[in-house]
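# A structural walkthrough
So the chains spell out like this:
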Amino acid sequence: MARNPVAQTAFGPMVLAAVEQNEPPERRLVDDDLAELFLPAPLRWLVAATRAAPIRRLMVRGSEYTGPGLWANLACRKRFIADKLDEALPDIDAVVILGAGFDTRPYLLTRRIRVPVFEVDLPVNVARKAETVRRVLGELPLSVRLVALDFERDDLLTSLAEHGYRTDYRAFFICEGVTQYLTEDGVRRTLEGLRAAAAGSRLVFTYVRRDFIDGTNRYGTRTLYRSVRQRHQLWRFGLEPDEVAGFIAEYGWRLVEQAGPDDLVRRYVEPTGRKLEASQLEWSAYAEKI
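Report on the accompanying structure.

Conventions adopted
- Residues numbered from 1 in each chain as written.
- Predicted model: local features only at pLDDT ≥ 70, side-chain atom pairs only at ≥ 80, totals over all residues.
- Heavy atoms only, no water.
- Helix = DSSP H or I, 4+ residues; strand = E, 2+ residues; numbered from the N terminus.
- Rg over C-alpha atoms; globule rule 2.2 N^0.38 Å.
- Buried < 20%, exposed > 50% of the residue type's maximum accessible area, 1.4 Å probe, protein only.
- Contact = heavy atoms within 4.5 Å.
- Areas by Shrake-Rupley, 256 points an atom, 1.4 Å probe, with all protein chains shown as cover.
- Pairing = 2+ DSSP bridges.
- Axes fitted to C-alpha atoms, helices over the stretch in contact; angles between N-to-C directions.
- Right-handed = clockwise from strand over helix to strand, strands pointing away.
- Expected span 1.5 Å × (residues − 1).
- Arc of directions from axis to C-beta.
- Patch = residues over 30% accessible without salt bridge, like charges linked within 9 Å, V, L, I, M, F, W, Y side chains within 5 Å.
- Salt bridge = Lys/Arg side-chain N within 4 Å of Asp/Glu carboxyl O.
- Lys, Arg positive; Asp, Glu negative; His and termini not counted.
- Charge placed at Lys NZ, Arg CZ, Asp CG, Glu CD.
- Phe/Tyr/Trp six-rings, centres within 6.5 Å; stacked < 30°, edge-to-face > 60°.

Looking only at helices and strands, one finds twelve helices and seven strands in the protein chain. Over its C-alpha trace the protein chain gives a radius of gyration of 18 Å, about what one expects of a compact globule, namely 19 Å for 290 residues. Across its three principal axes, the protein chain shows a C-alpha extent of roughly 50 × 45 × 40 Å. Evaluated residue by residue, the protein chain yields a buried proportion of 56% over its 290 residues. Long-range contacts, defined here as pairs at least 24 residues apart, represent 73% of the contacts in the protein chain between residues at least 6 apart. In the structure as shown, the protein chain presents an accessible area of about 12,900 Å², 51% of it carried by carbon and sulfur atoms.

Written as structure tokens, this is what we have:
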């Protein structure tokens, strides 16, 4: 199967979620008992090694070398999304995960509720996900549909409709750690595809700051900047917090809440007693379709 630099990034968030399961429950930032199972064998071995607290602490410190605060960013954004989804579940008819990667959220959801869940991602990731689900669960749950899509070229609404999505669904859309990998045209194409979403639908997404993309502020992440901007040009799009409301309003969405790194640390990290700081590089936003 052909390698795709963007597709290769799908494993990182799930490694973090799996490692977090080795923390005592009161110190854990993410609860996900499927995360480790969804990883390929070499990464499962790595996660298993972090059951020893010193190795686990070493891994977290190692993540700081790439980008100070990124461990907290990734963990907190997952908690923020989980909280918003939990709040919305009584009022929604479907869940759509854009750039799903190896996210286990659809399979955790099937334990609690029966709504259609659409996982949208690059064809290479969809193929890997199907193989992984068969390995771990034996078969794909009937409520989960895998949708292969190139966000830069394909029509999102058409692709979803081909897999049973209906525009009268009040849907909960998740776009976690995706927008930075797209061009502005790709982001706008995606939002255009969501324009037809029913009133009352929800959208939660993350974004990186534009001043990082243009190199004005590297937020202390020289290694990360070299990797995602200078060597491979993986990250291509950013926003500033005061631009978000106007940007999504063009497509019929009302900004309900923005969560900056400091707020997320206060909300999720401080109650655990862990000493983790988050980078100002990435923010989370929550919106409703009007």
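Picking up after the structure, the text goes on.
Taken in spatial order, the seven strands make up an open sheet running 3-2-1-4-5-7-6, and their pairing is mixed. The sheet is open, and its two borders are formed by strand 3 (144-148) and strand 6 (253-259), each paired with just one other strand. Each strand axis lies, on average, 20 degrees off the axis of its neighbour in the sheet, ignoring direction. Pairing geometry for strand 1 (residues 94-98) and strand 4 (residues 171-175), over four bridges, is parallel.

So, on to the pairing of strand 5 (residues 202-208). Burial analysis of strand 5 places seven of its seven residues in the buried class, the great majority of the element. Residues of strand 5 alternate between two faces, with R202, V204, T206 and V208 on one and L203, F205 and Y207 on the opposite face, all of them buried. With four bridges joining them, strand 4 and strand 5 adopt parallel strand pairing. For I174, the partnering residue across the bridge sits in strand 5 and is V204. With seven bridges joining them, strand 5 and strand 7 (residues 282-289) adopt antiparallel strand pairing. Among the inter-strand pairings, R202 is bridged to a residue of strand 7, identified as E288.

Here C76 lies in helix 4 (residues 70-88). By relative accessible area, which is 2% here, C76 ends up buried. Spatially, the C-alpha atoms of C76 and G252 are 27 Å apart, while their sequence positions differ by 176 residues. Discounting chain neighbours no more than four positions away, the residues touching C76 are L264, V265, Y268 and V269.

The next subject is the pairing of strand 4. Extensive coverage of strand 4 is indicated by the burial of five of its five residues. Burial along strand 4 is two-sided: A171, F173 and C175 and F172 and I174, pointing in opposite directions, are all buried. Taking the sense of rotation as the criterion, the β-α-β connection linking strand 4, helix 8 (residues 184-193) and strand 5 turns out right-handed.

The next point concerns helix 3 (residues 53-66). Relative to the 20 Å expected for 14 residues at 1.5 Å per residue, helix 3 spans 21 Å between its end C-alpha atoms, a close match to the ideal helical length. Here helix 3 has its buried residues at R56, M59, V60 and S63. For helix 3, the angular spread of buried residues about the axis comes to 95 degrees, placing them on one side. Exposed side of helix 3, more than 90 degrees from the buried face: L58, R61 and Y65 are the residues found there. For helix 3, the elements touching its buried residues are helix 1 (11-20), helix 2 (41-49) and helix 4.

Take helix 12 (residues 261-269) next. Looking at helix 12, one finds that the buried residues are P261, L264, V265, Y268 and V269. Projected down its long axis, helix 12 shows its buried positions confined to an angular sector of 105 degrees, all on one face. The secondary structure elements touched by the buried residues of helix 12 are helix 4, strand 6 and strand 7.

Together, R218, R222, R226 and R231 line one region of the surface with positive charge. What makes R231 exposed here is its relative accessible area of 62%.

So, on to the packing of aromatic side chains. Throughout the structure, instances matching the rule amount to 13 aromatic pairs. Ring geometry for F11 against F102: centres 4.7 Å apart, planes inclined by 25 degrees, an arrangement best described as stacked. Note that F11 is positioned in helix 1 and F102 in the loop between strand 1 and helix 5 (105-109), a separation of 91 residues in sequence. In this structure, F11 and F102 share a single accessibility class: buried.

Evaluated as defined, the whole model comprises 29 salt bridges. When the shortest N-O distance is used, the salt bridge between R51 and E36 registers 3.3 Å. Residue R51 is found in the loop between helix 2 and helix 3, and its partner E36 is found in the loop between helix 1 and helix 2; the two are separated by 15 residues along the sequence. One salt bridge in this structure joins R77 and E176, with 2.9 Å as the shortest N-O distance. Here R77 is found in helix 4, whereas its partner E176 is found in the loop between strand 4 and helix 8, with 99 residues between them in sequence. Grouping residues by exposure puts R77 and E176 together as buried. Each of the salt bridges in this network shares a partner with another, and the network as a whole consists of R77, K78, D103, R105, E176 and E282.

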